[in-house]
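# Secondary and tertiary structure notes
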Amino acid sequence: MLTLSSPIEQIIRIGAATAKKLQRLEIKTVKDLLEYYPFRYADYSRTVPIANLTAGTTVNVQGAIDFIQNKRSFRQRMIITEALVNDNSGQLKVVWFNQPFIGKNLKAGDGVSLAGTIQDGLLGLEMVAPEYERIGSSQLTHTTGLVPMYHLTANLTNKQLRFLIKSIIGTASQGEDILPEAIKRKYQLLDLTKALANIHFPQSPEMLTRARRRLQFEELFLVQLQAQLQKLEVRSKKAEAIKFFKEETSKFVQNLPFKLTAAQKKAAWEIIKDIGQDKPMARLLEGDVGSGKTVAAAVIMLNVALNKKQSAMLVPTEILAKQHYDTLCALFQDSGVKVGLYTRSQKKINEGRGTQDEGRGERTTSHGSLFILHDSDVVVGTHALIQEEVEFRDLALAVIDEQHRFGVEQRQALRKKSGPPSSQTDLDCGEASQQNLAPHLLSMTATPIPRSLAQVIYGDLDLSIINELPAGRKKIGTWLVPEFKRQGAYDFIKREILTGRQAFVICPLISPSDKLGVKSVTEEYKKLNEHIFPEFKIAYLHGRMKAGEKDKIMQEFLADKIKMLVATSVVEVGVDVPNASVMMIEGAERFGLAQLHQFRGRVGRSTHQSYCLLFTESLNEQTRERLNIFTKSNDGFKLAEADLKRRGPGEVYGTVQKGFPEFKIAALNDYQLIKETKAAAEQIVNEGVEKHPKLREKIGEAKEYVAG
Ligand code: ADP
Ligand code: MG
């Protein structure tokens with residue numbers, strides 16, 4: 001007997017070739033096939049007598065074949081199948097092209113069911129290339145009712161998929177319905193068997209709606225349940241309660257070269273309150289590029305240091321690590337906070353209150369890395385920080401900058417680096433013991449995600465938002481520049497550089513590729529350096545260069561020794577060069593709006609008027625429209641919304657967000673459903689998930705969904 005876990009080869013009448021093709025779609029078992037949901041339905045639910053047909057309508061016609069023949073077209077080498085179908089109310093002409101087997105399969109006298117659009121032909125109404133199937137012993141599958149359409153790849157046809165899925169649809173009843181009865185009743189959800197049957201072969205439009213809702217509900221519900229359990233688990237641990245040092249904090253804030261924005265203060269205050277408790281904070285700080293998240297985090301880390309505890313800041317690139325290190329050293333200059341840098345190639349510590357000399361009291365250590373981890377109040381680092389052997393003296397706060405660049409495991413690895421190593425010895429405590437402390441977690445991101453959506457993706461995190469840019473920032477002038485104005489753009493950049501500014505040029509690739517025909521860093525660098533701007537110092541930067549080299553170039557760019565930097569998307573995140581005023585982007589169509597917005601955020605970081613110039617060789621209208629939207633708005637949240645309207649959240653955030661949950665069917669813009677599933681998950685958590693063993697088990701499987 002066929003079960004859900006049977007390999008698809010065991011389905012009767014599946015050929016070896018078809019099985020192979022399915023496997024290429026990751027469909028290996030009967031269950032996989034059952035969960036290969038249609039992406040749309042053709043509506044053939046109107047069966048119309050031939051006498052009543054009108055042009056332009058999409059219908060089902062059922063009748064008998066009066067006549068059928070294959071013939072070769074006169075000029076083209078094409079085979080045309082012509083048929084006349086009669087349903088006693090009238091006769092309809094039907095034509096197919098280049099499908100000679102139809103003329104052989106169907107014979108005069110056969111009953112056929114046809115589906116398609118009625119057209120006005122030369123000699124009256126006709127159907128061109130309709131879907132067809134013989135009326136016979138088996139149920140009609142392809143031509144009447146709501147007919148499922150599947151995403152087709154690997155040379156499969158809709159007919160094949162419908163046939164196979166119909167033949168196994170009975171196994172749906174073996175599926176374990178994990179939704180608790182009470183939840184199903186409360187939200188009027190179909191049971192699983194019915195939902196699966198109707199998602200593939202809907203009895204009616206109403207049943208299709210209900211089936212879809214049921215399956216979407218389950219996916220969203222599981223993710224939310226998972227997140228809430230995660231949150232509960234984190235909250236059940238103990239953390240160091242960080243005392244707020246009011247005076248020192250206001251002194252620090254007053255000494256800043258600028259005034260904190262109201263939004264920065266509000267976010268910092270939310271965080272301070274949260275870490276003041278003896279439960280681990282788990283919070284996401286969302287703020288548009290340039291909104292000043294780093295300083296907000298510094299305020300927090302200062303307080304942790306004053307509590308004699310450590311903070312670790314995890315960042316995605318060496319460039320960013322070095323930059324944050326420098327920023328923090330400067331910010332903490334008078335506070336006596338020791339800052340450490342910990343990456344694969346650079347390990348050093350700034351012991352604060354330094355002299356004004358080059359080294360600022362820095363000590364670089366080759367194998368004294370233990371010393372850095374032990375002595376620093378704040379350690380900034382890359383992935384090197386989360387390696388197993390890394391141990392801190394007393395880690396109370398884990399900050400993850402550009403958190404969307406990290407996967408779940410990496411974020412969790414940092415969280416696991418708890419307090420004093422001594423705590424690792426007590427394994428057997430039932431109650432959370434005093435020593436077994438978890439660090440507070442502060443995740444930071446510039447990816448603007450609407451609150452309701454964040455609930456799904458980061459359901460286990462509390463949210464703080466910096467929704468305001470520092471005063472004095474000018475709107476970045478953004479243009480989509482037509483190719484014929486390229487020289488004009490170069491002239492413009494030249495003038496900017498001559499007034500003292502600097503420029504970025506972003507290219508999609510490192511080196512030229514014939515296949516893609518897209519601008520590359522090496523090519524553009526050569527052109528700009530030798531021909532367009534021979535008088536300026538230009539450098540290039542990309543991910544394949546050594547860390548030391550990259551760092552040197554970033555330092556020179558920051559020090560204004562380099563006027564123009566030609567780079568790949570390595571400069572996408574976080575890089576802060578306030579003097580840069582031009583961001584030129586080649587092959588702009590290759591980047592999503594969120595990513596373009598990140599690039600643009602590299603300029604306009606001071607009071608200089610800044611510009612973003614987009615170039616594209618794409619003539620695709622949708623692409624141009626998308627880029628035009630981008631030129632009109634400087635607001636990351638608005639852009640994300642615009643993008644969300646055009647594409648799904650998976651597409652908008654999937655490329656920029658590691659670990660974005662993949663849904664088979666749930667649409668993340670159904671906020672009503674998100675709300676309901678959240679409430680349902682809360683209900684189950686309150687009741688205790690142990691009361692629902694099937695759910696418990698399922699959640700174990702779905703671990704990888706946690707965004708933590
Ligand atoms: P992001 O939120 O993108 O990480 P940063 O923290 O890098 O932004 O800050 C961007 C720039 O704005 C930095 O040069 C920083 O010194 C500056 N900045 C931060 N807060 C303020 C403020 N309140 N007023 C003026 N400039 C600020
Ligand atoms: Mg930043």
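Look up: the structure comes first, before these words.
Notes on the structure follow. (Residues numbered from 1 in each chain as written. Chains lettered and ligands numbered in written order. Predicted model: local features only at pLDDT ≥ 70, side-chain atom pairs only at ≥ 80, totals over all residues. Heavy atoms only, no water.)

For the structure shown, the criterion picks out 13 aromatic pairs. On the basis of an interplanar angle of 35 degrees and a centroid distance of 5.7 Å, the ring pair of phenylalanine 252 and phenylalanine 332 is categorised as tilted. Taken together, the positions of phenylalanine 252 in helix α8 (residues 246-255) and phenylalanine 332 in the loop between α11 (318-331) and β11 (339-342) put the pair 80 residues apart, joining distant regions of the chain. On the basis of relative accessibility, which here comes to 5%, the residue phenylalanine 252 falls in the buried class. Judged by relative accessible area, which is 1%, phenylalanine 332 ranks as buried. Here the aromatic cluster, defined as three or more aromatic residues joined through ring pairs, consists of Tyr187, Phe217 and Phe221. One cation-aromatic arrangement involves lysine 159 over tyrosine 132; the distance from NZ or CZ to the ring centre is 4.0 Å. We note lysine 347 situated over the ring of tyrosine 342; from NZ or CZ to the ring centre the distance is 5.0 Å. (Phe/Tyr/Trp six-rings, centres within 6.5 Å; stacked < 30°, edge-to-face > 60°. Helix = DSSP H or I, 4+ residues; strand = E, 2+ residues; numbered from the N terminus. Buried < 20%, exposed > 50% of the residue type's maximum accessible area, 1.4 Å probe, protein only. Lys NZ or Arg CZ within 6 Å of the ring centre and 35° of its normal.)

Attention now goes to the environment of glutamine 228. The residue glutamine 228 is located in helix α7 (residues 205-236) in this model. The exposure class of glutamine 228 is buried, given its relative accessible area of 14%. The spacing of glutamine 228 and lysine 678 is 450 residues in sequence and 9.0 Å in space, taken between C-alpha atoms. Ignoring sequence-local partners within four residues, the contact set of glutamine 228 consists of Lys678, Ala681, Glu682 and Val685. (Contact = heavy atoms within 4.5 Å.)

Before going further, it helps to examine the packing of helix α6 (residues 192-200) against α7. With their axes 8 Å apart at the nearest point, α6 and α7 run at an angle of 120 degrees to one another. Taken together, the axes of α6 and α7 are oblique relative to one another. α7 is crossed by α6, and the crossing has left-handed handedness. Residue-level contacts link Leu192, Lys194, Ala195, Leu196, Asn198 and Ile199 of α6 to Met207, Leu208, Ala211, Arg212, Arg214, Leu215 and Glu218 of α7. Here the residues of the contact of α6 with α7 are counted per class, giving eight nonpolar, one polar and four charged. (Axes fitted to C-alpha atoms, helices over the stretch in contact; angles between N-to-C directions. Parallel < 35°, antiparallel > 145°, perpendicular 65-115°, else oblique. Left-handed = near helix turned anticlockwise from the far one by under 90°. Nonpolar A, V, L, I, M, F, W, Y, C, P; charged D, E, K, R; others polar.)

One can describe the packing of α7 onto helix α22 (residues 671-687) by two numbers: an axis separation of 8 Å at closest approach and a directional angle of 50 degrees. Put simply, α7 runs oblique to α22. Between α7 and α22 the crossing geometry is right-handed. For the pair formed by α7 and α22, the contact residues are Arg213, Gln216, Phe217, Leu220, Phe221, Gln224, Leu225, Gln228, Leu229 and Leu232 on the first element and Leu673, Ile674, Glu676, Thr677, Lys678, Ala680, Ala681, Glu682, Ile684 and Val685 on the second. Its residues assigned to classes, the contact of α7 with α22 shows twelve nonpolar, four polar and four charged.

This part takes up the state of the cysteines. As enumerated under the stated definition, the model contains zero disulfides in all. Here cysteine 507 is not cross-linked by a disulfide; its sulfur's nearest cysteine counterpart is in cysteine 612, at 13 Å. By relative accessible area, cysteine 507 is classed as buried at 0%. (Disulfide = S-S within 2.5 Å.)

The next thing to look at is the site of ligand 1. Near ligand 1, the surroundings consist of 17 residues, among which Lys259, Gly290, Thr294, Arg473 and Arg605 are the closest. In the environment of ligand 1, an oxygen atom lies 2.9 Å from a nitrogen or oxygen atom belonging to the side chain of lysine 293. One of the side-chain nitrogen or oxygen atoms of arginine 605 is found 2.7 Å away from an oxygen atom of ligand 1. The protein chains hide 86% of the 570 Å² of surface that ligand 1 would expose on its own. A total of three residues in the shell around ligand 1 trace back to one element, the largest contributor, which is helix α10 (residues 293-306). (Near = heavy atom within 4 Å. Polar contact = N/O pair within 3.5 Å; in protein donor to acceptor, adjacent residues only side chain to side chain. Areas by Shrake-Rupley, 256 points an atom, 1.4 Å probe, with all protein chains shown as cover.)

This brings us to α6. In an α-helix, one turn spans 3.6 residues, which is why side chains three or four residues apart end up on the same side. Of the positions making up α6, those classed as buried are Leu192, Ala195, Leu196, Asn198, Ile199 and His200. On its buried side, α6 packs onto α2 (30-34), β1 (40-44), β8 (145-149), α4 (158-168) and α7.

The next point concerns the sheet that holds strand β19 (residues 502-506). Spatial ordering of the open sheet is given by β18-β23-β22-β19-β21-β20, a layout of six strands whose pairing is parallel. Only two strands of the sheet have a single partner each, and these edge strands are β18 (477-480) and β20 (538-541). This sheet shows a mean twist of 15 degrees between the axes of neighbouring strands, independent of strand direction. The pairing of β20 with strand β21 (residues 564-567) spans four bridges and is classified as parallel. Bridged to isoleucine 538 within β21 is methionine 564. (Pairing = 2+ DSSP bridges.)

Our next topic: unusual backbone geometry. The backbone of glutamate 26 shows a phi angle near 70 degrees, a positive value even though the residue is not glycine. Tracing the backbone through its elements, the reader meets glutamate 26 in the loop between α1 (16-24) and α2. One non-glycine residue, glutamate 402, lies in positive phi territory at about 50 degrees. Following the sequence through the fold, glutamate 402 ends up in the loop between β15 (395-400) and α13 (408-416).

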